[in-house]
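# Tertiary structure, described
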Amino acid sequence: MPMFYWFGRQTLQLIFGIGDYSLFTAKAFCALAKSRRLVRRIVSAVHEQGTVCLPVILIVGVFTGLVLGLQGYHVLSRFGSQGLLGTLVSLSLVREMGPVLAALMLIGQAGSALAAELGIQRNTEQIVALETMGVNSHGYLVVPRLLASLLVFPLQTAVFVVVGFWGGSLSGSLLLGVDSGVYWSAVQRAVEVQDMKECFIKAAAFGILSISICAYQGFHSDRNASAMGARAVSVSTTRAVVFSSILVLVADYIISSFFV
Amino acid sequence: MEKTSPKFALQVKGLNKAFNGKPVLTGVELGVPLGSIFTVLGPSGAGKSVFLKCLANIIQPDAGRILFDGSELTFGDRASQLEFRRRCSFLFQSNALFDSLTALENVALPLEQTADIANEEIQRRSLEALRQLEMEDYVGHYPAQLSGGMQKRLALARAIVTQPELVLFDEPTAGLDPLRRNAVFEMIAKYQRQFGFTALIVTHDVPEALVASDRVALLNQGRICFEGTPAEFSASNHSVVSDFRDSAAALQRSLAAIRISDR
Amino acid sequence: MKNTKLEFSVGIFVMLGIAAITYLTIQVGTGSMLSGDTYLIESRFANAGGLHTGSSVLLAGVTVGRVEEIRMEPSDYSAIVTLRVLSTLRLPTDSMASIKTTGLIGDKFISLSPGADDTYMSPGSRITMTESAVDLESLIGKMAFGSVDKEKAQQETK
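How each quantity is defined
Residues numbered from 1 in each chain as written. Chains lettered and ligands numbered in written order. Predicted model: local features only at pLDDT ≥ 70, side-chain atom pairs only at ≥ 80, totals over all residues. Heavy atoms only, no water. Salt bridge = Lys/Arg side-chain N within 4 Å of Asp/Glu carboxyl O. Helix = DSSP H or I, 4+ residues; strand = E, 2+ residues; numbered from the N terminus. Buried < 20%, exposed > 50% of the residue type's maximum accessible area, 1.4 Å probe, protein only. Pairing = 2+ DSSP bridges. Axes fitted to C-alpha atoms, helices over the stretch in contact; angles between N-to-C directions. Contact = heavy atoms within 4.5 Å.

## Overview of the pattern of salt bridges
- Counted according to the given criterion, the structure contains 28 salt bridges over all chains.
- Here Glu112(B) ties to Arg40(A) by a salt bridge, and the two come within 3.5 Å at their closest N and O atoms. Residue Glu112(B) is found in helix α3 (residues 103-114), and its partner Arg40(A) is found in helix α2 (residues 38-51); the two belong to separate chains.
- Look at Glu112(B) and you get buried, because its relative accessible area is 13%.
- Given the relative accessible area of 44%, Arg40(A) is considered partly exposed.
- Residues joined by salt bridges that share partners form a network here, namely Glu96(A), Glu198(A), Lys202(A) and Asp252(A).

Structure, rendered in structure tokens:
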């Protein structure tokens, strides 16, 4: 019997959580109209998510390309189709690896920072203080981040993919000896407009999804019944990263299924 | 229809608030005269902070009416809420300064985000507020680089920059030594006269409050059990008032009793 | 000063990102979009298996077009493939289209072999001389069953 109670409670909590999160995101979009001096806030949010995270994107992008080139070469060479290496690397990067890995890296660096920052601002009454000043706290803290994510995630993904192409050519043609002309022409032939669309739709969707989840967790870090104070910030940061990473992968599957 | 007499900046009628069925405020009645310094005294846990947060529209009361400048504040109506917040500032016990912004940016923030003024005008008014609180040398400092007293001054500068009619102070002297407590009350009194706002202070520092305020009230166990001038407070024989006011004497008596029983 | 530094770094990032997007679009552009005017011609195949919208159309190894549409012709159960080719390419009416594969298991593409006629195909006309995809699976199947049959035959003769 206790199992039923547990299951019921978990289900209700999940439904409540989803509803609360949706309400939060809806509020943020409604606050869009009320935001003032938004451009400056967006610029600093682009800095947080973009410039700060660029080195990680570059490094992870190069190594993803390198590994794809290496593994792909060894599999393809069994069938004597090394000529398809460019196809393999470019399609994996554009369709899946680029948007997903870039989003995961950005969650790890920018998303966790956002959740922790908002959590501490909630803890030290900074968010309530905004409200008492008559400032729309969603509009001031959340809206610029969400808008920036719509811009930054596709840009980061594009950088990731391009760097990944180079990584693939580095390991595939420089180290393993696939002709670089063959590699690049395969890349050109493989990627189509449809793939690019998929890539950028995914990137933008992952951006909104992960940044809104991270912002929600941080913004409402005081709603955790299980932890208070500094502990609540750490719990909500962990949740922000875990939930948004999982949901990015779930969303990836759903979006991919529309495109196949 | 009852009409508020115009001399009250803030009137509270039958305010009730309970948390999880446990009553914190029960039927609080209060009138804050316009342009005065009004202090609500009370022991810790008497519901002072909750009372103030109800007034600032941070916590929604269960029942009761709050009249600001003669018109009733309602929680649901966003327009009236924004109007109230434009005319009222709240000074948090923890200051609630934005730690990622400099002193100047902290002061400029309420203007930037709520008022339609040119950037130069915002800069001018923010610098002016900082200058009046003798903070002009710390314009580029972050809150964490400032001492406790300076943070309090910065928070006050942020509160007055919007030229409010009412400022709510939540325990402005909590955790400060007697000299600093004096300094904070002096600061409040000085700027209250200079800017002419109405100040509502919640504190448990009796002697300073009695000297600095125009009127005092005592909040105990969720209800107002005394309201009057500081002189009336000092002369009152009300048991809770005298217990609270003469706490040092009570301590002396109980210590004496302990010493006697030790012998 | 702090703000301008921030704006500078953000500017650098955004420009880098836009450069990456442009690079990708150009990559794709040279691959799947045809620069310049194009026209449509049709070709009829008995079997268009493995071909898909966007597959390359090559002439002498050079990409000259894309597969625009593949549909079934109900009257004779054949596949009608619409090709979008560059206007600069004038195809003689007796040109041939064949479906070929890059490598053993690679992508299918259409290879055009120009004919020798003096007249040229007009937009919307149909290539009649076609060569369908070599169905690798049925080929392998034939080989496999063929060998089984051979064994059977050998056993029977014994």
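## With respect to the sheet that holds strand β7 (residues 166-170) of chain B
Residue and element names in this part refer to chain B.
- The strand order across the open sheet formed by six strands is β6-β7-β8-β3-β9-β10, and the pairing between neighbours is mixed. The sheet terminates laterally at β6 (88-91) and β10 (223-228), the two strands that pair on one side only. The average undirected angle you get between the axes of adjacent strands in this sheet is 15°.
- Of the strand pairs in this sheet, strand β9 (residues 215-220) and β10 are connected by five bridges, and their pairing is antiparallel. Its bridge partner being in β10, alanine 217 is matched across the sheet by glutamate 227.
- The sheet strands contacting helix α2 (residues 78-87) are β6 and β7, and the helix crosses β6 at an angle near 65°.
- Contacts from helix α5 (residues 148-160) reach β6 and β7, with the element oriented near 165° to β6.

## A closer look at the sheet that holds strand β2 (residues 22-33) of chain B
All names here are of chain B.
- Across the sheet, four strands lie side by side as β2-β1-β4-β5; this open sheet has antiparallel pairing. Looking at strand neighbours, the two that pair on one side only are β2 and β5 (71-72), the edges of this open sheet.
- Pairing of strand β1 (residues 8-19) with β2, which is carried by eight bridges, proceeds in the antiparallel orientation. Bridge pairing links lysine 17 to leucine 25 in β2.
- Where helix α1 (residues 48-55) meets the sheet, it contacts β1, β2 and β4 (63-68), and its direction lies at approximately 120° from that of β1.

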